[in-house]
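Topology and contacts: notes
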Amino acid sequence: MMLSEFFELIQLLFVVTFTTFLFNCVEYDILFGNRAVNHTGPSVNPLDRSKVTLPDAILPSHQCFERIQGSSWIISLLIMAAVFWIYRLIKVIFNILSYWEIRQFYIKALKIRMDELCNFTWQEVQDRLISLQREQQICIHKKELTELDIYHRILRFKNYTVAMVNKSVLPVRLHLPMLGEVVFLTQGLKYNFELILFWGPGSLFQNKWNLHPKYKRASNRLELAQQLSRVILLAGVANLLLCPLVLVWQVLYAFFSYAEVIKREPGSLGARRWSLYGRLYLRHFNELDHELQGRLGHGYKPAAKYMNSFASPLLAVLARNVAFFSGSVLAVLIALTVYDEDVLTVQHILTAITVLGVVITVTRSFIPDEHMVWCPEQLLQCVLAHIHYMPDHWKGNANKCETRDELAQLFQYKAVFILEELISPVITPFILIFLLRHKSLEIIDFFRNFTVEVVGVGDICSFAQMDIRRHGNPQWLSEGQTEASVYQQAENGKTELSLMHFTIKNPRWQPPQDSSVFISHLKEKVQQDAQSGPSTQLLLSEAPLCVSLFSNESDTSPNNPLASVFTHPWLKAPGLPSRDWRFLPQNTTASAAASVLASLSASQPSPASRTHSVNTLLPSNSRHSLSQHHGSTMYFSDRTVVDSMSASEATRLHNSALLMEYASAEMSLHAIYMHEVHQLNSLSQRAGVALSQIPVSLKESSCSPGQVASINPDNHSIPSNRRLGGWMEEKEEEEEEIIINRSASESGAVSEVP
């Protein structure tokens, strides 16, 4: 961290100095050969007298300084850059002092040497910190620190930001003419949000751990909203005034950073990255940076493969022809160069070769792989297993361009990222002045309603407590356990999924009573649904074929032994054309995920049987290393996985990595299962509403005494003993109709004909 801060200062100094040198100290007429240079002297070869050397194009130092002094705008820019560099220098000095204190704390208090730090997992560092609190009580306000307390201290402001994005408080979605709804969130805009709300002058927090008391009272909310509006206006005006300077810096920094990469690898601009908005939208409450990075890293390949599965036939034809013509010209130029290297001395010949190479690389990215199998539903399900969040309307619509465009907001091209950062200095002032300023009252209400004080921690976002009773959503397995209104509920099941993620990642954490009830209810439902699902042995018996069909690699990674389970058709939803996935009687996606999760539970009486249930999921080369453990971090009683870690250092590191992979796999299964159950609950609610709108006489005439009809979202009647499962594929056949046979209605029968 010290080196990063130091080299940021060096980079800033280099960019300013080098740019000034290029603008004032280079004679470009000589460099480009527009003005002849004649070297005279007895020692100069007559053949070299007209040859241009690099020193010929560089002005002497005194001429260079004269040019700089004669330009007032360059002097002004250098002064502003110097002021900013001094500000950064002061900030870096304070940060280095803080980093040194952290270093000493690790060495003296936690007993971790710097050469050993890279071999420690976060859980081990956290355990030492909790033990230190018990011994020395470094936090005087409470006797013991919990894992959640530590996360709250580290992620105080990030939890607020994640919650505001989840509740659509921050204006990151813009409605533009002809473009529709676009997501715009850049580093500069995020920096301004944090400056205004958390740590800048006039922010809502009076220090790093406490919200100002006046924002906790509802009596003067209008006055506080006006005050915040003025602060936002001043920030917007300041951004507008500094826009030219920041824009120049962004252009120069982007040029120095990406020009060489683009020349060497033109296809790198077509690579994708998780957008800044995507990192906030997909982030759990109380999820550290390295945990988020690891999770999104696992989801990168499935997401990239899903995005690349959409190919335009028109663009493919155009790309093939452009690549053919460009390649033909490039081949001729290369052949001429091989025959006679003097061809390279022809003006712009190197430029032509470079441009043609870039064109060929770009056009090939639009040509789809002829061996690719288009399985959008399966790929999107695999993406869900790692990112854990997706809108409800994506299910069954994975083959739609609208779904792809929405995922592109989370998983954007690198070229789009660079372009957004370049235009950010221009767009950010207008977002602050015309959008964020009008949300001042909503922001004030948000911080007042969703801030709680925790002893020994300070003020935190109440969503970060993952309180099911206060912020749960009844459609996400918390029905009957939550008292939250629609305003208090977290969107997309973030409270429930965050609670499961934190519980799995921190197995020693003891949840509060309401959270424990939710986890117990979820475990019971998993056991119930597992009874109707396929056995784990059946899932794994067909897994190798499914891996070869759907995986991103030819072999399953040994670091993720449950990857083969994720790629199984039962978990991938409707993937086999020979089955009618709209009417699955028993084996649904939810029950398949529940079957695998239940196989990890500690319901068996003996430790040996518990170990056997895990070994069915382990590759043979990993069973021995976990033979002393008795199962999943969540489903085994008494936290036996963590407590049984007592082997040699090498074995400890190997088991820690393997257990972290299993925790990640377990959370992936929970994400799939909870999304499926949420979809079933939503379907049931809509079916109930549709059924309630049917006249009573029609209900009585269309249902026999021994059968209850249920309605699916497409208004098709299906027997209640069948479960809707999987992701509903697009119907290739004509829609089915329900025709009530008048002759059969007298006896109460229902007839379904196509």
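Residues numbered from 1 in each chain as written. Predicted model: local features only at pLDDT ≥ 70, side-chain atom pairs only at ≥ 80, totals over all residues. Heavy atoms only, no water.

**Observations regarding the overall build of the chain**
Secondary structure summary: the chain contains 33 helices and ten strands in total. Taking all 754 residues of the chain together, 44% fall into the buried category. A separation of at least 24 residues holds for 70% of the contacts in the chain among residues at least 6 apart in sequence. When the accessible area of the chain is evaluated, it comes to approximately 39,500 Å², of which 60% is carbon and sulfur surface. (Helix = DSSP H or I, 4+ residues; strand = E, 2+ residues; numbered from the N terminus. Buried < 20%, exposed > 50% of the residue type's maximum accessible area, 1.4 Å probe, protein only. Contact = heavy atoms within 4.5 Å. Areas by Shrake-Rupley, 256 points an atom, 1.4 Å probe, with all protein chains shown as cover.)

**A look at the pairing of strand E1 (residues 173–176)**
The side chains of a regular strand alternate, first on one face of the sheet and then on the other. Pairing of E1 with strand E2 (residues 180–183) involves four bridges; the strand directions are antiparallel. Each residue of the ladder has a partner; that of Arg-173, found in E2, is Val-183. Hairpin connection of E1 to E2: three residues between the antiparallel strands, including Met-178 at a positive phi of 75 degrees. (Pairing = 2+ DSSP bridges.)

**Topic: the state of the cysteines**
Throughout this description, disulfide means a covalent bond between two cysteine sulfur atoms. Scanning all chains against the criterion turns up one disulfide. Each sulfur of the disulfide joining Cys-25 and Cys-64 lies 1.6 Å from the other. Here Cys-25 is found in the loop between helix H1 (2–24) and helix H2 (28–31), whereas its partner Cys-64 is found in helix H4 (residues 61–69), with 39 residues between them in sequence. By relative accessible area, Cys-64 is classed as buried at 8%. (Disulfide = S-S within 2.5 Å.)

**Re the pattern of salt bridges**
Taken as a whole and assessed by the stated rule, the structure comprises 24 salt bridges. Of the charged contacts, one joins Arg-113 and Asp-115 as a salt bridge, the two residues approaching to 3.3 Å between their closest N and O atoms. Since its relative accessible area comes to 52%, Asp-115 is described here as exposed. Here Lys-142 and Asp-149 are joined by a salt bridge, their closest N and O atoms 2.7 Å apart. Among the ionic contacts, a cluster of salt bridges with common partners joins Asp-467, Arg-469, Glu-483 and Asp-514. (Salt bridge = Lys/Arg side-chain N within 4 Å of Asp/Glu carboxyl O.)

**Quick word on helix H18 (residues 414–436)**
The end-to-end C-alpha distance of H18, which contains 23 residues, comes to just 27 Å, noticeably less than the 33 Å that a straight helix rising 1.5 Å per residue would cover. Where H18 bends most, the angle comes to about 60 degrees, and this point is Ser-424, followed within four residues by the proline Pro-425. Three or more residues of H18 are buried, namely Phe-417, Ile-418, Glu-420, Glu-421, Ser-424, Pro-425, Thr-428, Pro-429, Ile-431, Leu-432, Ile-433 and Leu-436. (Expected span 1.5 Å × (residues − 1). Bend = angle between axes of the 7 residues up to and from the residue.)

**What about the pairing of strand E5 (residues 451–454)?**
Where E5 meets strand E6 (residues 458–461), four bridges bridge the pair, whose relative direction is antiparallel. Bridging from a neighbouring strand, Val-454 pairs with Gly-458 of E6. The turn linking E5 back onto E6 is made up of three residues, and Gly-456 within it adopts a positive phi angle of 85 degrees.

**Structural notes on the packing of aromatic side chains**
Using the criterion set out here, one finds 33 aromatic pairs in the structure. Ring centres of Phe-446 and Phe-463 lie 6.4 Å apart, and the angle between their planes is 15 degrees; this geometry places the pair in the stacked category. Of the two residues, Phe-446 sits in helix H19 (residues 440–449) while Phe-463 sits in the loop between E6 and helix H20 (468–471), which places them 17 residues apart along the sequence. The burial state of Phe-446 is the same as that of Phe-463; both residues are buried. By the ring-pair criterion, three or more aromatic residues cluster together here, those being Phe-157, Tyr-160, Phe-198, Phe-205, Phe-285, Phe-446, Phe-447, Phe-450, Phe-463 and Tyr-487. Taking NZ or CZ as reference, Lys-494 lies 5.9 Å from the ring centre of Phe-285, over its face. Taking the ring centre of Tyr-389 as reference, the NZ or CZ of Lys-494 above it sits at 4.0 Å. (Phe/Tyr/Trp six-rings, centres within 6.5 Å; stacked < 30°, edge-to-face > 60°. Lys NZ or Arg CZ within 6 Å of the ring centre and 35° of its normal.)

**What to know about the packing of H1 against helix H5 (residues 72–109)**
It is at 9 Å that the axes of H1 and H5 come closest, and there the two elements cross at 170 degrees. As summarised for this structure, H1 and H5 are arranged roughly antiparallel, according to the angle between their axes. On H5, the residues that touch Met-2, Glu-5, Glu-8, Leu-9, Leu-12, Leu-13, Val-16, Thr-20 and Asn-24 of H1 are Ile-74, Leu-78, Ala-81, Phe-84, Trp-85, Arg-88, Leu-89, Val-92, Asn-95, Ile-96, Tyr-99 and Trp-100. In terms of residue class, the contact of H1 with H5 is made up of 15 nonpolar, three polar and three charged. (Axes fitted to C-alpha atoms, helices over the stretch in contact; angles between N-to-C directions. Parallel < 35°, antiparallel > 145°, perpendicular 65-115°, else oblique. Nonpolar A, V, L, I, M, F, W, Y, C, P; charged D, E, K, R; others polar.)

**Notes on unusual backbone geometry**
Even without being glycine, Met-178 reaches a positive phi, approximately 75 degrees. The topology assignment puts Met-178 in the loop between E1 and E2. One non-glycine residue, Leu-477, lies in the positive phi region at around 70 degrees. Examined against the element boundaries, Leu-477 turns out to sit in the loop between H20 and helix H21 (494–505).

**Describing the environment of Ile-93**
Tracing the chain through its elements places Ile-93 in helix H5. Take Ile-93: its relative accessible area is 45%, and that puts it in the partly exposed class. Sequence separation between Ile-93 and Phe-6 is 87 residues, and the spatial gap between their C-alpha atoms is 9.4 Å.

**So, the environment of Leu-315**
Note on placement: Leu-315 falls in helix H14 (residues 313–339). When the C-alpha positions of Leu-315 and Thr-363 are compared, they lie 8.9 Å apart, and in sequence the two are 48 residues distant.

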